[in-house]
Amino acid sequence: MAKGCMKHRLNRMAAISVLVSALFIAAQAVTGPPAVAGAVSKTFRQSIARKLGKAQAGTLSKAEAAALRRELMKLDKDTLDRIARVYGKYIPENSMRAARSVSTRFYSHDAYQAHLKKMYPDMTAAQRKDVTGNTEMLTYVDKNQPLLPRVVAHERLHQLSEFVDTKRKVGMNLHEGMTEFLARRVYGDMSIKGLPIPYPRKTEVVEVLAARVGKERIAKAYFRGGKSFQVLKEDFDEQLGRGAFDAFVEAMKKERYGDAIKIIKRGVLY
Ligand SMILES: [Zn+2]
């Protein structure tokens, strides 16, 4: 995501970073994130799932296809409304307005894979396989998946933080963790038993970080960057020692999640 406009041509590294910023489903047990904002109604989800099943089987009528499109649009809009309810006070107005002015693109599984192939030619088929959503100014998702609402929330959050400097400062891993941490609170009870959850390790680190600095600081830094990012960093260093935040970010960039958690808990002088 982040690179967005087409004038920034994607080089190989950028394509890889997009892969990481796109939503991965990692194979790991569900731990049940805290429910904060309530659920999409089950009937509504089932209605979408039923039509998607028919679409795959090739038995979807025209009327049903039209209804499905409307339901997906509604899901997209409801997701933004939810994000606004939970995080509205941290989100700059122009970011929210820009996000509201465009709709998420919902693709069938095959069409989404084709979309990824075209958008990120350097991505291998094996890498593409697990990606269920991505953001390049616009948000794109594979609609054939049980966690659809949360994937929409995740990608919409990326979109809302697209022009904020935080991602560049913290690197992709921590940013994904922050994104999924925030997404969990939009659809808190979306976890379905036995279903893999996205970015479990990265998100776990951010859960620990939230216990240290508070989720407000994280949300502000995520949506606003700049001064709000600085406040998060200074708070962290004040509690854990000078240079602790930089060490934490470095550990995250190197995927040393255990070390990152140690730093949050004990500072750099452990
Ligand atoms: Zn992501």
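Above this text is the structure in question.
Residues numbered from 1 in each chain as written. Predicted model: local features only at pLDDT ≥ 70, side-chain atom pairs only at ≥ 80, totals over all residues.

**Overview of helix α3 (residues 62-87)**
End to end, α3 covers 37 Å across 26 residues, agreeing with the expected 38 Å (1.5 Å per residue, within 8%). What α3 keeps buried is the set Leu 68, Leu 72, Leu 75, Asp 76, Thr 79, Leu 80, Arg 82, Ile 83 and Tyr 87. Of the surrounding secondary structure, the elements contacted by the buried residues of α3 are α2 (42-57), α4 (93-100), β1 (105-107), α7 (148-160), α8 (166-184) and α10 (215-224). (Helix = DSSP H or I, 4+ residues; strand = E, 2+ residues; numbered from the N terminus. Expected span 1.5 Å × (residues − 1). Buried ≥ 20, exposed ≤ 12 C-beta atoms within 10 Å, placed from the backbone. Contact = placed C-beta atoms within 7 Å.)

**Examining the packing of helix α9 (residues 200-213) against helix α13 (residues 257-266)**
Two elements in contact, α9 and α13, have axes whose closest approach is 10 Å; the angle formed by their N-to-C orientations is 5°. The angle between α9 and α13 falls in the class roughly parallel. In this structure, α9 contributes Arg 201, Val 205, Val 208, Leu 209 and Arg 212 to the contact, and α13 contributes Tyr 257, Ala 260, Ile 261 and Ile 264. (Axes fitted to C-alpha atoms, helices over the stretch in contact; angles between N-to-C directions. Parallel < 35°, antiparallel > 145°, perpendicular 65-115°, else oblique.)

**Examining the pairing of strand β3 (residues 138-142)**
Across the five residues that make up β3, a large majority, four, are buried. Sheet topology places β1 next to β3; three bridges connect them, and they run parallel. Its bridge partner being in β3, Phe 106 is matched across the sheet by Val 141. Sheet topology note: the strand β2 (residues 133-136)/β3 ladder contains four bridges and is antiparallel. Bridged to Thr 135 within β3 is Thr 139. Turn length for the β2-β3 hairpin, with the two strands adjacent in sequence and antiparallel, is one residue, and the turn residue Met 137 shows positive phi of about 70°. (Pairing = 2+ DSSP bridges.)

**Concerning the environment of Ala 219**
Secondary-structure assignment places Ala 219 in helix α10. Judged by C-beta crowding, with 22 C-beta atoms within 10 Å, Ala 219 ranks as buried. Between the alpha carbons of Ala 219 and Leu 232 there is a distance of 9.9 Å; along the sequence they are 13 residues apart. Aside from chain neighbours lying at most four places away, what touches Ala 219 is Tyr 87, Tyr 90 and Leu 182.

**A few points about the packing of α9 against α10**
The contact between α9 and α10 brings their axes to 7 Å, and the two run at 115°. The angle between α9 and α10 falls in the class roughly perpendicular. Contacts between α9 and α10 involve Val 206, Leu 209, Ala 210 and Val 213 on the former and, on the latter, Lys 215, Arg 217 and Ile 218. Looking at side-chain class alone, the contact of α9 with α10 contains five nonpolar, no polar and two charged residues. (Nonpolar A, V, L, I, M, F, W, Y, C, P; charged D, E, K, R; others polar.)

These results come straight from atomic positions and should not be treated as a statement about function.
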